Structures are given as structure tokens and as C-alpha cells.
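Structural overview for review
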Amino acid sequence: MREEITDVLQKELFEEAEKACEQARNLTYQFITLSKGAMFKKSAHPIEDILCAITEKVENKNKVTILLNIQDRIPPLEVDPDYLMIAFENIIQNGLDTMAGRGQLEIQAKIESFVPENQKRPKCLKISFKDTGKGILQSDVTRVFDPYFTTKEMGTQKGLGLGLAVSESIIKKHGGNI
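Cut-off values and rules
Residues numbered from 1 in each chain as written. Predicted model: local features only at pLDDT ≥ 70, side-chain atom pairs only at ≥ 80, totals over all residues. Heavy atoms only, no water. Helix = DSSP H or I, 4+ residues; strand = E, 2+ residues; numbered from the N terminus. Phe/Tyr/Trp six-rings, centres within 6.5 Å; stacked < 30°, edge-to-face > 60°. Buried < 20%, exposed > 50% of the residue type's maximum accessible area, 1.4 Å probe, protein only. Pairing = 2+ DSSP bridges. Axes fitted to C-alpha atoms, helices over the stretch in contact; angles between N-to-C directions. Contact = heavy atoms within 4.5 Å.

**With respect to unusual backbone geometry**
A positive phi angle is found at Arg-73, which is not glycine, with a value near 65°. Relative to the elements of secondary structure, Arg-73 occurs in the loop between strand S2 (65-70) and strand S3 (77-79).

This is the structure in C-alpha cells:
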């Protein structure tokens, strides 16, 4: 349908409708994920591909510098890339939203030794997101993963307080911690 539209105004309206549909789809994914009803379709995917794709997709209105630092030879992981992209997008978008104007967001992925109690030295993938934003108030730290908790204004273009709660749910369902 997009290719058939020739009128500039109609194209703009079509693009707005398309964006609204994508937002509705993402919100639906978030509610399904929080309700524990998400059906993951896991398969082997390179984490580098997922991180590169999401950094290109996020809305970087403030033109923040995004740096990717990904260790060589990270094996493909059994993940649902669509859901993992939602988790990473929420984390990245929160960081970007706190940096008005200039700033830097660094994403680092590396294999690390992790020693849980009573186990040998398994390795795990550690993905870190570090930004130069204002940070989280100490009083809010314990609440950032609560559904509907937000420090942003509520509204359609502001915050719903679902992003980090959804990210936590997705990452835990992949066997990880946040």
C-alpha cells in the first residue's frame, strides 16, 4: 500500500498510522510478557546482531553517541531475538531519555566467569549499559523494576512505567539476571 500512495500528506498519515500500529504491538508484547503468557521462540542468534539492530532502531532524538563494545568470539545464544530486542530497547531508551542534548551510551558485551554457590566456574554473558545521564535517585532504586513505576510524566509519548519491568521479565525468562 505504501508504494501506491503518491500524495505527500497521505504518505505522512500512513507512516503515522504504521508507527501507531507498531507502538500498539509493542505495548501488547509488554502486557503479555508481564502477564507471564509470552511464548518465546528461541533459536541460536549472535548477540552482536541483536545489539547492532536495536541501536539502529531506537529513537535517538538527542543524537547521543552510542558506543558498542562487543568482545570477539561470543558464541550464538539460544534466545528469542524479538523479545530480547524489546528488553534492550527499553533499557537503552531509558538511558537516552535522561540525556538532554549531549551524552554517551556505552553498551558492552563480554563473556565472564561467574561463580554461583556450589558450582564450578561456568561462564556467562554480561551485557552492560552505561550512560552519562543524571542517574537514578537512591530512593527510586528499589522501585525501578516495579510495573507502572516511572519518573517520567505519564502519557502516550511519555512514560508508562512498563519498560524496565518488561525488560526484567524477558531477561529472567531467558535465564538471566538484571
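**Some remarks on the packing of aromatic side chains**
Scanning the entire structure with this criterion turns up 2 aromatic pairs. Ring geometry for Phe-40 against Tyr-83: centres 4.6 Å apart, planes inclined by 35°, an arrangement best described as tilted. Taken together, the residues Phe-40 in the loop between helix H1 (8-34) and strand S1 (43-45) and Tyr-83 in helix H3 (residues 81-98) connect sequence positions 43 residues apart. For Tyr-83, a relative accessible area of 6% puts it in the buried group. Centroid distance Phe-88 to Phe-129: 5.7 Å. Interplanar angle 50°. Geometry classified as tilted. Of this pair, Phe-88 sits in helix H3 while Phe-129 sits in strand S5 (residues 123-131), and the two are 41 residues apart along the sequence. Residue Phe-88 is classed as buried on the basis of its relative accessible area of 4%.

**So, the sheet that holds S5**
One open sheet accounts for 3 strands, arranged S2-S4-S5; its pairing is mixed. The sheet is open, and its two edges are formed by S2 and S5, each paired on a single side. Neighbour-to-neighbour, the strand axes of the sheet open up by a mean angle of 15°, direction not taken into account. Sheet analysis places strand S4 (residues 104-113) next to S5, joined by 9 bridges and oriented antiparallel. Paired with Ala-109 across the bridge in S5 is Ile-127. Its contacts with the sheet place helix H2 (residues 47-57) against S2, S4 and S5, and it is angled at close to 180° to S2. Taken strand by strand, H3 contacts S2, S4 and S5, and its axis lies near 25° from that of S5.

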